[in-house]
Amino acid sequence: MNISRKAIFLGAILLVLCLATQAQSRQTREEYVDRYKHIAVSHMERYGIPASITMAQGILESDCGNSWLSTHSNNHFGIKCKRNWTGKKIYYDDDAKGECFRAYPSVEESYRDHAEFLDKQPRYDSLFAYPSTDYKSWARGLKAAGYATAPDYAQRLVRIIEESKLYLLDRPDGERLYANRHSRKEDPTAWFSEQASVEAKAVAGTAVDPDNYRVTINAHNGYNVYATNGVHYILAKEGDTFERIGANFRISARNLRKFNDLTDAAAQPMTGEVVYIARKKKRWEGKDNNHICRQGETVWTIGQTYAIRSRSIEKLNRLKQGEKLIPNRELRIK
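What comes next is a walk through the structure.

The rules behind the values
- Residues numbered from 1 in each chain as written.
- Predicted model: local features only at pLDDT ≥ 70, side-chain atom pairs only at ≥ 80, totals over all residues.
- Heavy atoms only, no water.
- Helix = DSSP H or I, 4+ residues; strand = E, 2+ residues; numbered from the N terminus.
- Contact = heavy atoms within 4.5 Å.
- Areas by Shrake-Rupley, 256 points an atom, 1.4 Å probe, with all protein chains shown as cover.
- Phe/Tyr/Trp six-rings, centres within 6.5 Å; stacked < 30°, edge-to-face > 60°.
- Buried < 20%, exposed > 50% of the residue type's maximum accessible area, 1.4 Å probe, protein only.
- Pairing = 2+ DSSP bridges.
- Axes fitted to C-alpha atoms, helices over the stretch in contact; angles between N-to-C directions.
- Disulfide = S-S within 2.5 Å.
- Bend = angle between axes of the 7 residues up to and from the residue.
- Parallel < 35°, antiparallel > 145°, perpendicular 65-115°, else oblique.
- Left-handed = near helix turned anticlockwise from the far one by under 90°.
- Nonpolar A, V, L, I, M, F, W, Y, C, P; charged D, E, K, R; others polar.
- Polar contact = N/O pair within 3.5 Å; in protein donor to acceptor, adjacent residues only side chain to side chain.
- Arc of directions from axis to C-beta.

## Brief notes about the overall build of the chain
Reasoning step 1: Counting its secondary structure elements, the chain contains 13 helices and eight strands.
Reasoning step 2: Sequence-distant contacts, at least 24 apart, represent 55% of the contacts inside the chain between residues at least 6 apart.
Reasoning step 3: For the chain, the accessible area works out to roughly 18200 Å², and carbon and sulfur atoms hold 51% of it.

This is the structure in structure tokens:
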């Protein structure tokens, strides 16, 4: 064998060995989830972001930690620098050539920044009105808010979540459920529906005026669950806090305050007060079109009565925020 043939032969061997090494070092989706799922779950508990959404975004944006951007900058969520970024930067061709991306000292820092990025950016505020178990609404909301330019971004996230059963991470003891997913014979979605009354939609006709009477449609962890306007709520018990209620219904305290149109981060429910455990609607779906104001009523109290968002009532009636209501004034509710 002459020198040129030897060189070609050796080069081919080196190429095969290099490709084999790369194939061995490539992280699988399963390995990626096992490595970082505990971070996603802890951030769900702190911020209210579904662990399934965090994991699906990490998988998609970083190619399971194998992308050039993730290996060179620990950036697992494709977050660009923006004006307020003061940390390290890296430049990468994305939608345009040489775009600025955030660089982190560790993957854990990338996960932390992702949670704070969603938590602090006003355009993502509407997402936190969804419970951490509603990964489909979160996926659609991320796309609508402009997180990514891909037209099928929401569908990609949902597909990853359902293929890998990441929705199990959104539930109590989610890491154990995820670890045992292959041994579960029953449908986990059906199992969750049996455990949590908040996920089931109210049956048509159960929406009632709470000032008239209440019909218990379910019970959960010692609470009677009611529905007005198709939205579930409970009555606060003595000593209840949003943190305690949230723990019982697997909803963050922050989301509970948003569901109930409370802007004060320290606000707590009073005994017997209506606490919505799902997002209120924009319109009343009952037969009445208007509400006659009583002495002392506010937009907020009317919204709590009809399960309508305060801002929607203000828009329907062209009210300024905080505007006082005069008794006998007629307000539109649909």
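## Observations regarding the packing of aromatic side chains
Reasoning step 1: Taken as a whole, this structure holds 16 aromatic pairs when the rule is applied.
Reasoning step 2: An angle of 65° between the planes, with centres 5.0 Å apart, marks the rings of Tyr32 and Tyr36 as edge-to-face. Residue Tyr32 and its partner Tyr36 are both found in helix α2 (residues 29-47); the two are separated by four residues, about one turn of the helix.
Reasoning step 3: What makes Tyr36 buried here is its relative accessible area of 8%.
Reasoning step 4: Consider the rings of Tyr92 and Phe101, whose centres lie 5.9 Å apart with planes at 75°: the pair is edge-to-face.
Reasoning step 5: By the ring-pair criterion, three or more aromatic residues cluster together here, those being Tyr32, Tyr36, Phe77 and Tyr111.

## What to know about unusual backbone geometry
Reasoning step 1: Look at Arg250: it is not a glycine, yet its phi comes out positive at around 60°.
Reasoning step 2: Considering the arrangement of structural elements, one finds Arg250 in the loop between α10 (242-249) and α11 (253-259).
Reasoning step 3: Even without glycine at this site, Arg318 takes up a positive phi of about 50°.
Reasoning step 4: By the element assignment, Arg318 lies in the loop between α13 (310-316) and β8 (330-332).

## Looking at the sheet that holds strand β5 (residues 231-235)
Reasoning step 1: Reading across from one edge, β3-β4-β5-β6 is the order of the four strands in this open sheet, with antiparallel pairing throughout. Of all the strands in the sheet, just β3 (218-220) and β6 (274-276) have a single pairing partner and so form its edges. Across the sheet, the mean angle from the axis of one strand to that of its neighbour is 40°, orientation sign disregarded.
Reasoning step 2: Relative to β6, β5 is paired through three bridges, and the arrangement is antiparallel. Bridge pairing in β6 links Tyr233 to Tyr276.

## Describing the state of the cysteines
Reasoning step 1: Under the definition given, this model contains one disulfide.
Reasoning step 2: One disulfide bridge connects Cys81 with Cys100, the sulfur atoms lying 2.0 Å from each other. Across the disulfide from Cys81 to Cys100, rotation about the S-S bond amounts to roughly -70°, and the bridge is consequently left-handed. Here Cys100 lies in strand β2 (residues 99-102) and Cys81 lies in the loop between α4 (68-73) and β1 (89-92), a separation of 19 residues in the sequence. Comparing Cys81 with Cys100 shows no difference in burial state: the two are buried.

## Comments concerning α2
Reasoning step 1: The largest bend in α2 comes to about 50°, at Tyr36.
Reasoning step 2: What α2 keeps buried is the set Tyr32, Val33, Tyr36, Lys37, Ile39, Ala40, Val41, His43, Met44 and Tyr47.
Reasoning step 3: Against the buried residues of α2 lie α3 (51-62), α5 (107-120), α8 (174-179) and α11.
Reasoning step 4: Downstream of α2 by a residue or two, Gly48 has a phi angle that is positive, lying close to 90°.

## Concerning the packing of α3 against α5
Reasoning step 1: Between α3 and α5, the shortest axis-to-axis distance is 12 Å and the interhelical angle comes to 120°. By the angle between their axes, α3 is oblique relative to α5. Pair α3 / α5 crosses with right-handed handedness. Note on element contacts: α5 touches α3 through Tyr111, His114 and Leu118, opposite Thr54, Met55 and Gln57.
Reasoning step 2: When the residues that make up the contact of α3 with α5 are grouped by side-chain class, the tally is three nonpolar, three polar and no charged.

## Some details on the side chain of Gln27
Reasoning step 1: Along the chain, Gln27 turns up in the loop between α1 (3-25) and α2.
Reasoning step 2: Here Gln27 falls in the buried class, since its relative accessible area comes to 11%.
Reasoning step 3: Within the structure, Gln27 has its side chain in polar contact with the side chain of Arg35 (distance 3.3 Å).
Reasoning step 4: A distance of 2.9 Å separates a polar side-chain atom of Gln27 from the backbone oxygen of Cys64.
Reasoning step 5: The contacts of Gln27, once residues within four sequence positions are left out, are Tyr32, Arg35, Cys64, Gly65 and Asn66.

## What to know about helix α7 (residues 153-163)
Reasoning step 1: Among all positions in α7, only Tyr153, Ala154, Leu157, Val158, Ile160 and Ile161 are buried. Projected down its long axis, α7 carries its buried residues within an arc of 160°, all on one side.
Reasoning step 2: Tucked into the core, α7 has its buried residues touching α2, α3 and α6 (135-144).
Reasoning step 3: Following α7 by one or two positions, Lys165 adopts a phi angle in the positive range, close to 55°.

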